[in-house]
Amino acid sequence: MVEKADDQKGCTLLEKYDEEDAKANAQRRMLSLANEQEGRQRAFAEEMKTVQDKVLDMSKVKLEMENELKRLHDELESKKAEAAKLKQKFEIDATIPHREVKFTGPHLYEGVDNYRSIRGVFAISQTPTLLLTGGQAVIAFEDETVASQILKLAKCSVACEQTVLTVKPKRICLNPTVLFEIHLEVPKNELKVTDIPAVTSEERTKTSLELSFCRASTGGGEVERVEYDATDGSAVITFLHTGVAENLVQRGKYNVNLNKQVAVKVEPIYKYKLLQFQTFCGTSKRTVLIDDIEDDEDVEDLLDYLEIHFQKPSNYGGEIECIKYIPGQKAQQAFFQLNSTAPQK
């Protein structure tokens, strides 16, 4: 029993030593893991700080970009307003009135080619204008000297029934106007064909157009050449003689054989160019702009007070040809004749 107990004791001691070794290994492993965890925490903290610094930098960049975007947006709006103002000054946007044209007879030119087209020259001139806003008046004097005397005054005191108005005379600078010519030519032996479907090859379509438009039975005539554009499905047909294109244009439609009967659109050709384009601006010598008028009086009464004041020679005034006053919150366009500085309306 003693021997057996000694053997069991030895086994227990061996197991104890093994467990102590395992415990020591586990402690070393735990210490290593703890050190590794601490290192990773430090690395994570450093990486988090780096990310936070980047986020802060990106926030600063975002704020700078937002400010720059706002500045550019404000600049764009300012440019748009300036462009709209310049467009209003320089853009030609006018409705040409309808005029009856009386044909008196053809004008004979030397050479046969001049009979192959209709030519026209249209001279267009823009009426000088001035935008009048609320609290402004425009006065046209009969004598230029009177207007020049009024313009020398820094301000004028206009006596009303119960008050005195202090107004400022200003020189009128008319908006830029334009003068140009449009030279128009309509060939009598050419027509434009559109709505041509791309059902065959380009060369075959060109040949089919030539064959279709040379048929006298359908109103065509001898074709001199065909210019076909496959990108937009259009063509220009040039006939050898005049008269054929004019008759076909009046129809508006023409049947062409492109493997099947297709109705294409025919229309005249307009060749035009802009010549003699001139821009000019000027000032009115007999007209004066009166600004900073307060709307304390009735419109008709105020107009009478202004007219009486600027007609008196003691106020450096003179005979008035016309006067127009614009009350507050309103605006009107004043038109000036090219040969006269008095406003038309």
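Residues numbered from 1 in each chain as written. Predicted model: local features only at pLDDT ≥ 70, side-chain atom pairs only at ≥ 80, totals over all residues. Heavy atoms only, no water.

A. Representation of the packing of aromatic side chains in the model. Summed over the entire model, instances satisfying the criterion amount to 3 aromatic pairs. Feature note: the residues F213, F239 and Y254 constitute an aromatic cluster, connected by ring pairs. (Phe/Tyr/Trp six-rings, centres within 6.5 Å; stacked < 30°, edge-to-face > 60°.)

B. Structural context of a nonpolar patch on the surface. On the surface, F44, M48, V51 and V55 cluster together into a nonpolar patch covering about 350 Å² of accessible area. Within the secondary structure, M48 is located in helix α1 (residues 2-90). For M48, a relative accessible area of 33% corresponds to the partly exposed category. (Patch = residues over 30% accessible without salt bridge, like charges linked within 9 Å, V, L, I, M, F, W, Y side chains within 5 Å. Areas by Shrake-Rupley, 256 points an atom, 1.4 Å probe, with all protein chains shown as cover. Salt bridge = Lys/Arg side-chain N within 4 Å of Asp/Glu carboxyl O. Helix = DSSP H or I, 4+ residues; strand = E, 2+ residues; numbered from the N terminus. Buried < 20%, exposed > 50% of the residue type's maximum accessible area, 1.4 Å probe, protein only.)

C. Spatial organisation of the pattern of salt bridges. For the coordinates displayed, the defined rule picks out 14 salt bridges. Two residues, E38 and R42, come together in a salt bridge whose shortest N-O distance is 3.2 Å. Taken as a pair, E38 and R42 lie in helix α1 at a separation of 4 residues, close to a single helical turn. Given the relative accessible area of 41%, E38 is considered partly exposed. For R42, a relative accessible area of 47% translates into the label partly exposed. Salt-bridge contacts for R225 lead to E190; the nearest nitrogen and oxygen are separated by 3.9 Å. Remark: E190 occurs in strand β7 (residues 190-194) and R225 occurs in strand β8 (residues 223-229); sequence separation between them is 35 residues.

D. Spotlight on the nonpolar core. Residues F141, V167, I290, I293, L306 and F310 are the most contacted members of the largest nonpolar core, which totals 23 residues. Mapped by element, the contributors of at least two residues to this core are β3 (136-141), α2 (144-151), β4 (156-159), β5 (164-173), β13 (283-291), α5 (299-311) and β14 (320-326). L191, A245, L248 and L258 belong to the second-largest nonpolar core, a separate cluster that totals 20 residues. (Core = buried A, V, L, I, M, F, W, Y, C linked by side-chain atoms within 4.5 Å.)

E. Here's a closer look at the pairing of strand β10 (residues 253-257). Because side chains alternate across β10, one face comprises the buried residues Y254 and V256, and the other comprises K253, N255 and N257, none of which is buried. The pairing of β10 with strand β11 (residues 261-267) spans 5 bridges and is classified as antiparallel. Paired with Y254 across the strands is V264, a residue of β11. Once β10 ends, the chain turns through 3 residues before running back antiparallel as β11, passing N259 with a positive phi of about 65 degrees. (Pairing = 2+ DSSP bridges.)

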